Amino acid sequence: MTDARRLTSERKPLLLKKLLLPLGGPLAALLLVLLVWDLAVRIYHIPPYVLPSPEQTWQHMLSDMPVLLQGFRITFVTFVMGFVLGAGAGFIFAVLMDATPWIRSILYPILIASQAVPVIAIAAALTIWLGFGLAPKLVIVALVVFFPVVVNVLDGLNSVDKDMLNLVKSMGGSRWSIFRYVKLPATYTPLFSALKLSATFSVTGAVIGEWTASTSGGLGAYLLQANSRLNTAGTFSAIAFLALLGVVSFLLVILLEYLMTPWRTSATARRWGRK
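Residues numbered from 1 in each chain as written. Predicted model: local features only at pLDDT ≥ 70, side-chain atom pairs only at ≥ 80, totals over all residues. Heavy atoms only, no water.

Student: Give me the overall build of the protein: which residues, what numbers.
Tutor: Along the backbone of the protein there are 10 helices and 0 strands. Each helix (α) and strand (β) of the protein, taken in turn from the N terminus, gives the series α-α-α-α-α-α-α-α-α-α. Going through the 275 residues of the protein one by one, you find that 36% of them count as buried. Accessible area for the protein stands at about 17,300 Å²; split by element, carbon and sulfur atoms hold 71% of it. (Helix = DSSP H or I, 4+ residues; strand = E, 2+ residues; numbered from the N terminus. Buried < 20%, exposed > 50% of the residue type's maximum accessible area, 1.4 Å probe, protein only. Areas by Shrake-Rupley, 256 points an atom, 1.4 Å probe, with all protein chains shown as cover.)

This is the structure:
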């Protein structure tokens, strides 16, 4: 019992260190930004309609919290649905282009050329084609996610060792088993790299969609209203919630990566039990 207690007492500081170190840096950076922001407002006597102080922004957030939370919920739902749609479509297209070279030779140049067109340039056209509501917003968010997922998953599929593929074929592996046990795991690392990048960029896509086709509010609509009323504190409040949405989505992708790629953090497989 003595040895067990000693080992437990030694593990507690290690666990605290693992928890505090990842959180300490971001919290310190946030406090530094708030401090510089507050000092700039006080030293240069910047009027509130140009740049409100952190305290004024916080007070506005507290006074308008129900509306901001409602807008956050609407934007978050739009973001998640569009993100899943774009990631799923991108993954399927990448697998099809890898399995059929002639499809890749036709679609890949078109995908590259499409990235030269800004999403905001086609937002109005999507509104005309799909009408106001949820559909054009989902398409805009999905377009932001689609291309990075396609490119990264294709790179993962092409990086599979040819000798490994030949070995599995010589052992009687079917096309499905080769994809499931050899090719699919090779796509996880590039896929989650694309999803991490898209997690923050897709927030911008959700806001653009709400600017052009929103009928149910959201943080994008709240931001437009605050700008039209020269409500700088409201603008910064909406920006703070959009930043929170980006951070939350990024952390969710990291959590999903941790669950789906256990070999990157542990030498032994995780056991999924009833508990």
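Student: Mind laying out the pattern of salt bridges, listing which residues take part and the relevant values?
Tutor: Within the structure shown, the criterion is met by 3 salt bridges. A salt bridge links D98 to K183, with the shortest nitrogen-to-oxygen separation between them at 3.0 Å. In this pair, D98 sits in helix α3 (residues 65-99) while K183 sits in helix α8 (residues 175-213), placing the two residues 85 residues apart along the sequence. Accessibility expressed as a relative area gives 18% for K183, which makes it buried. (Salt bridge = Lys/Arg side-chain N within 4 Å of Asp/Glu carboxyl O.)

Student: Hey, could you go over the nonpolar core for me, with residue numbers and the actual values?
Tutor: Of all hydrophobic cores here, the largest spans 36 residues; its most connected members are F83, V149 and L195. Every element with two or more residues in this core is listed here: α3, α6 (134-158), α8, α9 (219-228) and α10 (232-260). The element contributing the most residues to this core is α8, with 10 residues. Membership of the second largest hydrophobic core comes to 5 residues, among which are V160, V168, I178 and V182. (Core = buried A, V, L, I, M, F, W, Y, C linked by side-chain atoms within 4.5 Å.)

Student: Tell me about the environment of G234, and name the residues and values.
Tutor: Counting through the fold element by element, G234 comes out in helix α10. For the pair G234 and H60, spaced 174 residues apart in sequence, the C-alpha to C-alpha distance is 6.6 Å. Among all residues touching G234, those that are not within four sequence positions of it are H60, Y222 and A226. (Contact = heavy atoms within 4.5 Å.)

Student: Hey, could you go over the packing of aromatic side chains for me, with residue numbers and the actual values?
Tutor: Under the defined criterion, the tally for this structure stands at 6 aromatic pairs. Between the aromatic rings of F72 and F241, the centroid separation amounts to 6.1 Å while the plane-to-plane angle is 65°, which identifies the pairing as edge-to-face. Taken as a pair, F72 in helix α3 and F241 in helix α10 lie far apart in primary sequence, 169 residues in all. The same class applies to F72 as to F241, namely buried. Arranged with centres 5.3 Å apart and planes meeting at 80°, the rings of F93 and F146 form a pair that is edge-to-face. (Phe/Tyr/Trp six-rings, centres within 6.5 Å; stacked < 30°, edge-to-face > 60°.)

Student: An account of the side chain of S177 is needed here, citing residue identities and associated values.
Tutor: Counting through the fold element by element, S177 comes out in helix α8. The class for S177 is buried, based on a relative accessible area of 18%. A polar contact is formed between the side chain of S177 and the backbone nitrogen of S174, at a distance of 2.8 Å. (Polar contact = N/O pair within 3.5 Å; in protein donor to acceptor, adjacent residues only side chain to side chain.)

Student: How would you sum up the environment of I140? Please name residues and give values.
Tutor: In this structure, I140 sits in helix α6. Taking the relative accessible area as the measure of exposure, I140 reaches 1% and is therefore buried. With 68 residues separating them along the chain, I140 and I208 place their C-alpha atoms 7.8 Å apart.

Student: An account of a nonpolar patch on the surface is requested, with residue identities and associated values reported.
Tutor: Together, L32, L35, V36, L39, I43 and Y44 make up an exposed nonpolar region whose accessible area comes to about 650 Å². With respect to the element layout, I43 can be found in helix α1 (residues 2-43). (Patch = residues over 30% accessible without salt bridge, like charges linked within 9 Å, V, L, I, M, F, W, Y side chains within 5 Å.)

Student: Summarise unusual backbone geometry; cite the residues concerned and give the values.
Tutor: Even without being glycine, H45 reaches a positive phi, approximately 50°. Residue placement: H45 occurs in the loop between α1 and α2 (54-63). When its relative accessible area of 67% is taken as the criterion, H45 is described as exposed.

Student: Talk me through the packing of α3 against α6; I want residue IDs and the actual numbers.
Tutor: Running from amino to carboxyl end, α3 crosses α6 at an angle of 35°, the nearest separation of the two axes being 6 Å. Along this stretch, α3 crosses α6, giving a crossing that reads as right-handed. (Axes fitted to C-alpha atoms, helices over the stretch in contact; angles between N-to-C directions. Left-handed = near helix turned anticlockwise from the far one by under 90°.)

Student: If you had to explain the packing of helix α7 (residues 162-170) against α8 to someone new, which residues and values would you point to?
Tutor: Where α7 meets α8, the axes come as close as 11 Å, and the angle between the chain directions of the two elements is 150°. In this view, α7 runs roughly antiparallel relative to α8, as classed from their interaxial angle. Every pair of crossing elements has a handedness; the one defined by α7 and α8 is right-handed. Between α7 and α8, the contacting residues are M164, L165, V168 and K169 on the first element and I178, V182 and K183 on the second. For the contact of α7 with α8, the residue count by class is 5 nonpolar, no polar and 2 charged. (Parallel < 35°, antiparallel > 145°, perpendicular 65-115°, else oblique. Nonpolar A, V, L, I, M, F, W, Y, C, P; charged D, E, K, R; others polar.)

Student: Run through the side chain of T75, naming residues and quoting values.
Tutor: Summarising the element assignment, T75 is placed in helix α3. For T75, a relative accessible area of 0% corresponds to the buried category.

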